[in-house]
Amino acid sequence: MKLTLWTYEGPTHVGAMRVATAMKGLHYVLHAPQGDTYADLLFTMIERRNHRPPVTYTTFQARDLGGDTANLFKDAAREAYARFKPQAMIVGASCTAELIQDDPGGLAQALGLPIPVIPLDLPSYQRKENFGADETFLQIVRTLAKPVARTDSITCNLLGATGLGFRHRDDVTEVTRLLALMGIAVNVCAPFGASPDDITRMGAAHFNVLLYPETGEAAARYLEKTCGQPFTKVVPIGVGATRDFLHEVSGLTGVSAKVDETGLRLPWWSASVDSTYLTGKRVFLFGDATHVIAAARIAATEIGFEVVGLGCYNREYARPMRAAAKAHGLEALITDDYLEVEAEIERLAPELILGTQMERHIGKRLGIPCAVISAPVHVQDFPARYSPQMGFEGANVIFDSWIHPLVMGLEEHLLTMFREDFEFHDAAGASHHGGKATTRIEAEPVEASGGDIFEQKNDTGAAGDLAWAPDAERELKKIPFFVRGKARRNTEKYAAERGVTAISIDTLYEAKAHYAR
Amino acid sequence: MSLDLPANLPERGCRDTPVLKQRGQREVFCGLTGIIWLHRKMQDAFFLVVGSRTCAHLLQAAAGVMIFAEPRFGTAILEEKDLAGLADANVELDREVARLLARRPDIRQLFLVGSCPSEVIKLDLARAAERLNGQHSPHVRVYNYSGSGIETTFTQGEDACLAAMVPSLPATDKRELLIVGALPDVVEDQALSLLKSLGIPVTRTLPAHRHSELPAVGPHTVFALVQPFLGDTHAALTRRGARHIPAPFPFGEEGTTAWLRAVANEFGIPRDHFEAVTAAPRARALKAIAAAATTLSGKSVFFFPDSQLEIPLARFLTRECGMTAIEVGTPYLQTGIVGPDLDMLAEGPTISEGQDVDLQLDRARAARPDLTVCGLGLANPLEAEGLSTKWAIELVFTPVHFYEQAGDLAALFARPLRRKAILHAPPTPIPSPQGGGAAPSPRVGEGWGGGASASAGGQP
Ligand code: SF4
Ligand code: SF4
C-alpha cells in the first residue's frame, strides 16, 4: 500500500484507451464499474475530442457481484459489436474487474464474433498507463500484422503516437514532412490514425520510426523480429537529435541525410545577442524519460542553460535516464512521487523548470517559471496552433515555449539596475505575463512576492548551522529574485566549506567573486 | 406539517409519472468524486481513499490539476502484495495513516473511503476506523464510508460521508434547526443570515467547517436538506430522533421561497414577517432570473443522469425560465425527498432513472433538444453534433442555491445558448474603442464605409 496524492500515470486500462481512441475502427470493451467512465473526459475535455472514445464499459454494480457479471460482459460485447461494427475489438478488465476474474478474453472469444477479438492482460496492480499503451499496441500488432511484400519505394511506419500524448498530433505531421524531404513516404502511422486493416499492411514498410519508445517499443521489437523491420533509436527532438535521426534513417535506407533546413531558427535564436541572458540559467528537468533526455540535450548544448537536475517518473526507462544524467555529470531522480520531485526542486532552486503539469504547479507554488515538455498533459497542452516538438519546426517551437515563462533579457537588466524601484521591482514578475504587479511594501521585512521560497528561513537548503547577519540578509534581498536562490546557495556553500558560521556582507561578495564565471 | 407549496401548482405533476428504467452502460462518476468539494468544505479533514491507481487518477481528473495545493485527500493504492495476502493490508493502512497524521498535525478528522477494489477484497474499513480511532483519539476522529462505483453514484458519496458522521454527533435536547448538505461558504452564510432575519433560533450545519463546530442532534432537532441526494443521511438523522422538514429545494426564487416557508412554518413565523424579510431578495432574484430567461424561454432541455439535482433543476427551468423539459434523467429517484419538486414539475417530460447511455443518446439525438445537460464525457461529442450542452458537474461546483444565486443558476444554462448564438451570428465589425459604453452594436457594415463587412474589408 502506498499513499499517493497525485499520480504521473493513470492505470493500465487508460493506456489501452489511449491506443483505442487514437485508432479508427477499433472498439474496446472494458469490464469496469460505472465510475471508471470518468476516463472518457480525459479525451473529450482535455484533448477536446469531438467523439466519445470507442469504449464500452460494462458498469457492473455491487448487486451483480457473485451473480452474473460474466453475462453482463457478454451482453455488452455483443451489443457493442452490433452498434459500432468495428473491424476488430480489444477486451479487458479494469482494476476492479481484474479482482473478480471473469476472463473477458475467454468470454469474448466464446461469442464467436466475426472479427478479430484481442484479449488484453494488463496487470493493474503492478503496472501503469504507459505499459498499458505499449502492451495494447503490441497485442494489436501481434494479432493483425503479418509479413507481407515490401512496397516498391522506400517507406516506413511511424510507431507510438497515441491519444492524449504530448504533441503527438503535430509530431506525426512534422516527422512525416521531414521524411518526405528525404523522399521517404509513411506506410502506416499507428496507433494514431490507423485502422485494424491498416495494421495488417504494416509489414510492407522497409523500416520503422519509433517516435515514442514509452508507447511503441514493444511493437517495434516485435516487428523487427517477425517482419524484419529495423527501427530507429534516435528520437528527433532538438536540432542535434533531428540531424542524428536523419543520419540514422540514411544508414538504414542509403538515402542521403541532406535536407533543406531553411525553416530552422533555433540555432540563430540561441546565438543572437539577446540570448546571452539565457546562458548558464539553471534548469531542472522532469517528465517521461524520452522527453527529458532530449530536452536536457537541447538545454545544455543548443541553448546554453546549465542542467542542475533531471529525472523521470517511468521506471521502465530508468537505465537510459541514468546514463543521460551521467553525461551531464548528475544523478537521475527516478520517482513517481511528486512530493520527492517537489523537495528536489526546492533544494536545487533552479531558475527554470522543464517538466509536466505537476512541475508546473510545483513551480507556481515555489515561484519558479516552468515550461511543459512531457505528459501528463492538461487542456493547455493541446494548443490550437501547429506546435510539434520533433523536427526542425519542433526545435523552433521549443525555443519559444521555454523562453516564454522567463523574464526578458533587457527587462532582467532593468530589474537589476533599479531593483529598489517601488513598482518596477523583481517581485512584480515578468511584464508579458498577466497578473497584477504588486507594489513593494517597504516596511515589510518579507517581500510582497509571497510565493518566493528563497525568502523562507530554515528551508531545506544548505543552511544548517549558518546564520545570516541582518545586513547580509538585506543585501541578499537586493539581488533579483531569479538569481537570489543561486546567490544564497553559493554563499552558504562557500561559507560551509570554510567553516564560516556567521554570514556577513563580505562573505556574500567573497562567494560572488569565488563563483564568478 | 402540511407542505405549503406555491399556489400555481400544475394540474398534474410528475410524482406519478411512470419512470423509464433501462439497464445498460452508465456514464456517471462514482461517489469518490464528492471528495473534491467535501475536502474544501471541511478544513481539518483528510480523505484517504483505500483503492487503486484508477481511484487516484479519477480524483485527479475530476479535480483537474486546478486545486493543486497540497490536497487534503489522497489514495492508499493497493498493490500486488496487498492482494496476494503477502502484506497485511491493515498493518499497511495503520502505517500509512500514522505517517500521514504525523505530517499533517492540523488534521482532526480522517475519512477512510472505501472503493470498488477495497470492497471486492472485503477490506473491513469500518473495523479499521474503529482501530485507528483507538490509536489516534482524541486528537483525530476517524470515520469510514464507501465512495465506490459499485455502491455509489457521484453525489451519493457526500450522502455516505455525512451519514457516516451522524451516529457519533453529540446528543442534545434543544430545539434546533439543522441545515444538511455541503454548500459553498458564501451561500451558506446567506442562508444562515436569512434564517436569522426570519427569527429562527439556533441554526447549525452539517457538514461543518471544523470538527469542533459539528452540530448536536436529538429528538427536538428538525432538519432541512439543501441537496436532494441525501437519502442515507436523512435516514441516519431520523434514527437519531431528528425530524425532516419536507420542501422543494432552494433553487430559483420560487424554490428558495418554498423552502424557507416550510422552515418558517415549522417555527411558527408569522406570514407578514416572512414577506417582509424575503420581499427584497425575492425581487432581486426575479430580476436576475428574468435577464437569463429571455435566452432560455421557449427552449427545450434534456437531462442526462448525473447528480440527482435534475428534478429540482428541471422544476426551476420549466417554471421560472420558461423552458420545456423533454427528458429528466436522474441516477436515482428518491421520491420521498424530491416529491415536492415532482409535484411542481408539470407532467410531460420522460422521467428516467439509471441509464443505458447509448439508448439515451439515441433519444437525445432524435429529440434534438436546444440544451442538453450532461457529463463531461458526453458534452464535446454532442456539441460536435450541433447540440448545445451544459456540463452537469458545474452545477455541483458553483454557488447556485438560494436567492442571490438564482440569476447565476439561470445564467449557467443560458451561456451555452448565448455562445451558440454569438458564434453562429454573421460577422460583426469590431466596435471602435471610442464607442460609448453600452450602445447597441452597429449593424454589419454600418459606419465602415460602403457596407464592406469587417471580414471582407479588413482593418481600416
Ligand atoms: S469506480 Fe471504483 S475503481 Fe473506479 S474510481 Fe470509482 S471507486 Fe475507484
Ligand atoms: S481546466 Fe482542466 S480540469 Fe478544469 S474544466 Fe478545463 S479541462 Fe477540466
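Our subject is the structure that appears above.
To keep things clear, this report deals only with the structure shown in the data block. (Residues numbered from 1 in each chain as written. Chains lettered and ligands numbered in written order. Predicted model: local features only at pLDDT ≥ 70, side-chain atom pairs only at ≥ 80, totals over all residues. Heavy atoms only, no water.)

## Side note on the packing of aromatic side chains
Residue and element names in this part refer to chain B.
Step number 1: All told, the structure shown has eleven aromatic pairs over all chains when counted by the stated rule.
Step number 2: Measuring from centroid to centroid gives 5.4 Å for Phe29 and Phe154, while their planes differ by 55°, and the two rings are tilted. You can see Phe29 sitting in the loop between β1 (19-23) and α1 (35-41) and its partner Phe154 sitting in the loop between β5 (141-146) and α7 (156-165), a full 125 residues away along the chain.
Step number 3: Residue Phe29 is classed as buried on the basis of its relative accessible area of 8%.
Step number 4: Judged by relative accessible area, which is 0%, Phe154 ranks as buried.
Step number 5: Plain terms: the ring middles of Phe302 and Phe304 are 5.3 Å apart, the flat faces sit at 40° to each other, and that makes the pair tilted.
Step number 6: Judged by its relative accessible area of 1%, Phe302 is buried.
Step number 7: Ring pairing ties together the aromatic residues Phe29, Trp37, Phe154 and Phe397, which thus form one cluster. (Phe/Tyr/Trp six-rings, centres within 6.5 Å; stacked < 30°, edge-to-face > 60°. Helix = DSSP H or I, 4+ residues; strand = E, 2+ residues; numbered from the N terminus. Buried < 20%, exposed > 50% of the residue type's maximum accessible area, 1.4 Å probe, protein only.)

## Overview of unusual backbone geometry
Step number 1: Cis peptide bonds are those with omega within 30 degrees of zero, and the linkage from Ala375 of chain A to Pro376 of chain A qualifies with 5°.
Step number 2: Following the sequence through the fold, Pro376 of chain A ends up in the loop between β13 (370-372) and α16 (391-403).
Step number 3: In the segment running from Ser137 of chain B into Pro138 of chain B, the intervening peptide bond is cis, with an omega of 5°.
Step number 4: Positive phi, close to 60°, is recorded for Lys122 of chain B, a residue that is not glycine.
Step number 5: With respect to the helices, strands and loops of the structure, Lys122 of chain B is situated in the loop between α5 (116-120) and α6 (125-136).
Step number 6: Of note, Phe402 of chain B is a non-glycine position whose phi angle comes to about 70°, a positive value.
Step number 7: Along the chain, Phe402 of chain B turns up in the loop between α16 (393-397) and α17 (403-424).
Step number 8: Residue classification places Phe402 of chain B among the buried residues on the basis of a relative accessible area of 0%.

## Considerations on the pairing of strand β9 (residues 282-287) of chain A
Residues and elements named next belong to chain A.
Step number 1: β9 sits mainly inside the fold: six of its six residues count as buried.
Step number 2: The side-chain alternation of β9 yields two buried faces, one formed by Arg282, Phe284 and Phe286 and the other by Val283, Leu285 and Gly287.
Step number 3: In this fold, β9 hands off to helix α12 (residues 289-303), which returns the chain to strand β10 (residues 306-312); that crossover is right-handed. (Right-handed = clockwise from strand over helix to strand, strands pointing away.)

## Some points on the side chain of Glu217 of chain A
Residue and element names in this part refer to chain A.
Step number 1: Locating Glu217 in the fold gives a position in helix α9 (residues 213-227).
Step number 2: Its relative accessible area of 17% is what places Glu217 among the buried residues.
Step number 3: Among the polar contacts listed, one links the side chain of Glu217 to the side chain of Tyr317, at a separation of 2.7 Å.
Step number 4: Every residue in contact with Glu217, bar those within four places of it in the chain, is listed here: Asp134, Leu210, Tyr212 and Tyr317. (Polar contact = N/O pair within 3.5 Å; in protein donor to acceptor, adjacent residues only side chain to side chain. Contact = heavy atoms within 4.5 Å.)

## What to know about the sheet that holds strand β8 (residues 207-210) of chain A
Residue and element names in this part refer to chain A.
Step number 1: What the three strands build is an open sheet, ordered β7-β6-β8; its pairing is parallel. Both outer strands of the open sheet, β7 (185-191) and β8, are each paired with one neighbouring strand and no more. Across the sheet, the mean angle from the axis of one strand to that of its neighbour is 25°, orientation sign disregarded. (Pairing = 2+ DSSP bridges. Axes fitted to C-alpha atoms, helices over the stretch in contact; angles between N-to-C directions.)

## Section: the interface of chain A and chain B
Step number 1: The partner chain B presents 66 residues to the 55 residues of chain A that form the contact.
Step number 2: At the boundary of chain A with chain B, total buried surface from both sides reaches about 5400 Å², with 61% on carbon and sulfur atoms.
Step number 3: Counting every contact that joins chain A to chain B gives four salt bridges.
Step number 4: Two residues, Glu27 of chain B and Arg52 of chain A, come together in a salt bridge whose shortest N-O distance is 3.8 Å.
Step number 5: Listing elements by their share of the side of chain A that touches chain B, those giving two or more residues are β1 (2-4), α1 (12-22), α2 (39-46), β3 (55-57), α3 (69-84), α4 (95-100), α14 (338-348) and α15 (357-366) of chain A.
Step number 6: A per-element tally of the side of chain A that touches chain B places α2 of chain A first, with five residues.
Step number 7: For the side of chain A that touches chain B, a count of residues per class yields 25 nonpolar, 17 polar and 13 charged.
Step number 8: Where β1 of chain A meets strand β3 (residues 73-77) of chain B, three bridges bridge the pair, whose relative direction is antiparallel. (Buried area = accessible area lost by both parts, 1.4 Å probe. Salt bridge = Lys/Arg side-chain N within 4 Å of Asp/Glu carboxyl O. Nonpolar A, V, L, I, M, F, W, Y, C, P; charged D, E, K, R; others polar.)

## Quick look at the site of ligand 1
Step number 1: In the neighbourhood of ligand 1, 13 residues make up the surrounding shell, with Gly35 and Asp36 of chain A together with Cys30, Cys55 and Cys116 of chain B lying closest.
Step number 2: More than one chain reaches ligand 1: the nearby residues come from chains A and B.
Step number 3: Mapped onto the shell around ligand 1, the elements with two or more residues apiece are α2 (53-63) and α5 of chain B.
Step number 4: Its residues assigned to classes, the shell around ligand 1 comprises seven nonpolar, five polar and one charged. (Near = heavy atom within 4 Å.)

## Some remarks on the packing of helix α10 (residues 252-266) of chain B against helix α12 (residues 310-320) of chain B
Residues and elements named next belong to chain B.
Step number 1: Their axes nearest at 8 Å, the elements α10 and α12 cross at an angle of 120°. Here α12 runs oblique to α10, going by the angle between their axes. In this structure, α10 uses Gly252, Glu253, Glu254 and Gly255 to contact α12, whose residues at the interface are Arg315, Phe316, Arg319 and Glu320.
Step number 2: Classifying every residue of the contact of α10 with α12 gives one nonpolar, two polar and five charged. (Parallel < 35°, antiparallel > 145°, perpendicular 65-115°, else oblique.)

## Considerations on the sheet that holds strand β7 (residues 203-206) of chain B
All names here are of chain B.
Step number 1: Taken together, four strands build an open sheet; the order of strands is β7-β6-β8-β9 and the sheet is parallel. On the outer flanks of this sheet lie β7 and β9 (243-244), each paired with one strand and no other.
Step number 2: In this structure, strand β6 (residues 176-180) lies alongside β7, joined through four bridges in parallel fashion. Across the sheet, the residue bridging to Val180 is Leu206, located in β7.
Step number 3: Relative to the sheet, α10 contacts β6, β8 (221-225) and β9, its axis offset from that of β8 by approximately 170°.

## Comments concerning helix α9 (residues 231-239) of chain B
Step number 1: Considered for burial, the residues of α9 of chain B that qualify are Gly231, Thr233, Ala236 and Leu237 of chain B.
Step number 2: With its phi angle positive at about 95°, Gly241 of chain B sits one or two positions after the end of α9 of chain B.

## Comments concerning the nonpolar core
Step number 1: The biggest cluster of nonpolar side chains holds 202 residues, and the ones touching the most others in it are Ile199 of chain A together with Phe47, Phe111, Leu112 and Trp259 of chain B.
Step number 2: For this core, the element with the highest residue contribution is α17 of chain B, accounting for eight residues.
Step number 3: Leu179, Tyr277, Leu354 and Phe392 of chain A belong to the second-largest nonpolar core, a separate cluster that totals 59 residues. (Core = buried A, V, L, I, M, F, W, Y, C linked by side-chain atoms within 4.5 Å.)

## Side note on the pattern of salt bridges
Step number 1: Enumeration over the complete set of coordinates arrives at 47 salt bridges over all chains.
Step number 2: A salt bridge links Glu129 of chain A to Arg18 of chain A, with the shortest nitrogen-to-oxygen separation between them at 2.8 Å. Taken together, the residues Glu129 of chain A in helix α6 (residues 129-144) and Arg18 of chain A in helix α1 connect sequence positions 111 residues apart.
Step number 3: Taking relative accessible area as the criterion, Glu129 of chain A reaches 9% and is therefore assigned buried.
Step number 4: For Arg18 of chain A, a relative accessible area of 4% translates into the label buried.
Step number 5: Among the ionic pairs, Glu320 of chain B bridges to Arg315 of chain B, the shortest N-O distance being 3.9 Å.
Step number 6: Accessibility expressed as a relative area gives 16% for Glu320 of chain B, which makes it buried.
Step number 7: In this structure Arg315 of chain B comes out as buried when scored by relative accessible area, which is 0%.
Step number 8: The network of salt bridges with common partners includes Arg83 of chain A together with Asp362, Arg365 and Glu385 of chain B.

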